[in-house]
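# Structure assessment
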Amino acid sequence: MTKVSQRELEARLAASVAELERQRAAVLHANQLKNDLIAVLAHDIKGPLTSIIGFSELLEEGMLDGDAATDAARTIRTNAQRLATLTNDVLALSRVEHGEFEIKDERVDLAALAKKMAALHGSERDIRLDVEPNALVRGDAERLEAALDNLLRNAIKYAPASEPIDLSVGRDGDRVLLAVRDRGIGIPEGEIAAIFDRFARGSNARRAKIVGSGIGLFIVKTIVEQHGGSIEVQSVLDGGSTFTVVLPSLESREAHRTGRVILVTADGALARFAAYELRMRGLRVREAATLSDALDGVRSGDMFVVDERVARATDLRAMLPNGLAVRLIGLTETPSNEWDVALRQPLLVSDLVEALVEP
Ligand code: ADP
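Values in this document were obtained by computation on a predicted structure and should not be read as measured data. (Residues numbered from 1 in each chain as written. Predicted model: local features only at pLDDT ≥ 70, side-chain atom pairs only at ≥ 80, totals over all residues. Heavy atoms only, no water.)

## Things to note about the packing of helix α1 (residues 6–60) against helix α2 (residues 66–97)
Helix-helix packing is characterised by the crossing angle of the two axes and by the distance between the axes. Convention followed: Axis definition: a line fit to C-alpha positions, over the contact stretch in the case of helices; interaxial angles, taken between N-to-C directions, run 0 to 180 degrees. Numbering of helices and strands runs from the N terminus; a helix is a DSSP stretch of H or I covering at least four residues, while a strand is a stretch of E covering at least two. Comment on the angle field: the value is read as roughly parallel under 35 degrees, roughly antiparallel over 145, roughly perpendicular from 65 to 115, and oblique elsewhere. Here a crossing is taken to be left-handed if its near helix is turned anticlockwise relative to the far helix by less than a right angle, and right-handed if that turn runs clockwise. Three residue categories are used. Nonpolar comprises Ala, Val, Leu, Ile, Met, Phe, Trp, Tyr, Cys and Pro, charged comprises Asp, Glu, Lys and Arg, and polar comprises the others, including Gly.
Where α1 contacts α2, the two axes come as close as 9 Å, and the packing angle between them is 165°. Considering their axes alone, α1 and α2 lie roughly antiparallel with respect to each other. Handedness of the crossing formed by α1 with α2: left-handed. Residues belonging to the contact of α1 with α2 are distributed by class as follows: 18 nonpolar, 5 polar and 3 charged.

## Remarks on the site of the ligand
Definition in use: We define proximity as follows: a residue is near a molecule or strand when any one of its heavy atoms falls within 4 Å of that partner. Here a polar contact is taken to be a pair of N or O atoms separated by no more than 3.5 Å, where protein atoms must pair a possible hydrogen donor with a possible acceptor and residues adjacent in sequence count only if both atoms sit in side chains. Each accessible area is a Shrake-Rupley estimate made with a 1.4 Å probe; only the visible protein chains count as cover when residues are assessed.
Lining the immediate environment of the ligand, one finds 21 residues, of which Y158, R201, G202, S213 and L217 sit closest. One of the side-chain N or O atoms of R201 is found 2.7 Å from an oxygen atom in the ligand. Within the complex, 98% of the 530 Å² of free accessible area of the ligand lies under protein. Elements supplying a minimum of two residues to the shell around the ligand: α4 (141–157), α6 (216–226) and β7 (240–248). Each residue belonging to the shell around the ligand can be placed in one class, and the counts come to 9 nonpolar, 9 polar and 3 charged.

## Describing empty space enclosed by the protein
Just so we agree on the cut-off: Note on definitions: the grid is 1 Å and covers protein atoms alone; a cavity is a set of points where a 1.4 Å probe fits but cannot get out; a pocket is an open set with protein on both sides within 12 Å along at least five of seven lines; lining residues have an atom within 4 Å of a point. Grid points are joined across faces, edges and corners, and a volume is the space filled by probe spheres set on the points.
For the structure on display, the rule yields 1 cavity of 30 Å³ or more. The calculated volume of the largest cavity comes to roughly 80 Å³. If you go around the largest cavity, the residues you meet are L110, L144, A147, L148, L151, L178, V220, V224, V245 and L247. Among the elements that take part in the lining of the largest cavity, α4 stands out by supplying 4 residues, more than any other. Here the residues of the lining of the largest cavity sort into 10 nonpolar, no polar and no charged.

## Things to note about the environment of V261
In plain terms, the rule: Contact criterion: two residues are considered in contact whenever any of their non-hydrogen atoms come within 4.5 Å of each other.
Mapped onto the fold, V261 is located in strand β8 (residues 261–264). In this structure, V261 is in contact with L278, L283, R284, V285, R286, M303, V305 and L356, ignoring residues within four places of it in sequence.

## A closer look at the packing of α4 against α6
Orientation of α4 relative to α6, taken along the N-to-C sense of each, is 145°, at an axis distance of 9 Å. Between α4 and α6 lies a crossing of left-handed hand. Across the interface between the two elements, R143, L144, A147, N150, L151 and N154 from α4 touch G216, L217, V220 and I223 from α6. When its residues are assigned to classes, the contact of α4 with α6 shows 6 nonpolar, 3 polar and 1 charged.

## Digging into the sheet that holds β7
Here is the rule we go by: Any two strands between which DSSP finds at least two bridges are classified as paired.
One open sheet holds the 5 strands; their spatial order is β2-β4-β5-β7-β6, and the pairing between them is mixed. The two strands at the open ends of the sheet, each matched to only one other strand, are β2 (127–131) and β6 (230–236). Averaged over neighbouring strand pairs, the angle between their axes works out to 15° when direction is ignored. In the packing of helix α3 (residues 110–121) onto the sheet, contacts are made with β2, β4 (165–172), β5 (175–181) and β7, and the angle to β2 comes to roughly 170°.

Structural data, given as structure tokens:
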């Protein structure tokens, strides 16, 4: 039997304790989530159900006729729709939590999507469209539609019926921007930063007793981030809110396949060797010794091959301009999922080529 040193035993024990701590935190988190969900459901299901049962009883007993009966039927439908939306949100939330929230890879025309959704909600509110053509992205049409639907429903819900909503879609270089602006109740300044968290609700929305579960924006953010994009909100209390979604354009995503390779390594011999091999295979290669060199003129579609001794994935991501779709391949001793692909040293050129040309 091999003898294990005291020091090694201590290290193993420390690793086990850390793992137990991690598992305990995960269980606590899951439990908290379940409790929050039950509280939200209990509250949000009860209201609509009470109204559906109450009005259907009145109809059944023949207590309502003419306009009153039509109003009752409308109230029943609105509340049933609220329950349907809530069910969809909860199902989506559960898929996100279980890592089963998949995004299709289709060509999506955001301008067409915006027109469709404006028409859909046009009977409820004046929606002013400002749409540039050529707003194409890669992704999941159904999920992007759900995200925009959510933003529009919120704009309708949290703003008075007399105020129009502005829906715009435009291009900014490699990015497609989609914005929904309302002139409603806004979000209190101190609550803006956390408004995309699950179950987050503005104190003013609660106070005004506007029905909501605080799940929608979390789902919207998840959808946007899974498309390589970002979402932000600018809001003024009692002045209105603008939600802006930024997504990489279709062209920039497709450029992955033909983009440049930027080699960032401290080892000159390795760089020369890799650069030579990659150029032989028809790839465009640029060598950089530092991060600022590497980021000079960076554009969507570029692929970074980075020696972790020069830079870590988190540092590089923090320095990248927002909304750029680039691929990060790390040469590292300790593979982590911060890289799109992590390759161990010594580097096999065949692995590198595979990581670059078959994303
Ligand atoms: P819900 O509307 O069901 O509560 P969301 O996740 O969509 O859930 O929104 C979270 C919270 O963000 C809302 O409860 C509300 O306080 C605030 N909010 C979202 N959109 C708007 C908006 N357009 N104007 C003002 N507040 C908003």
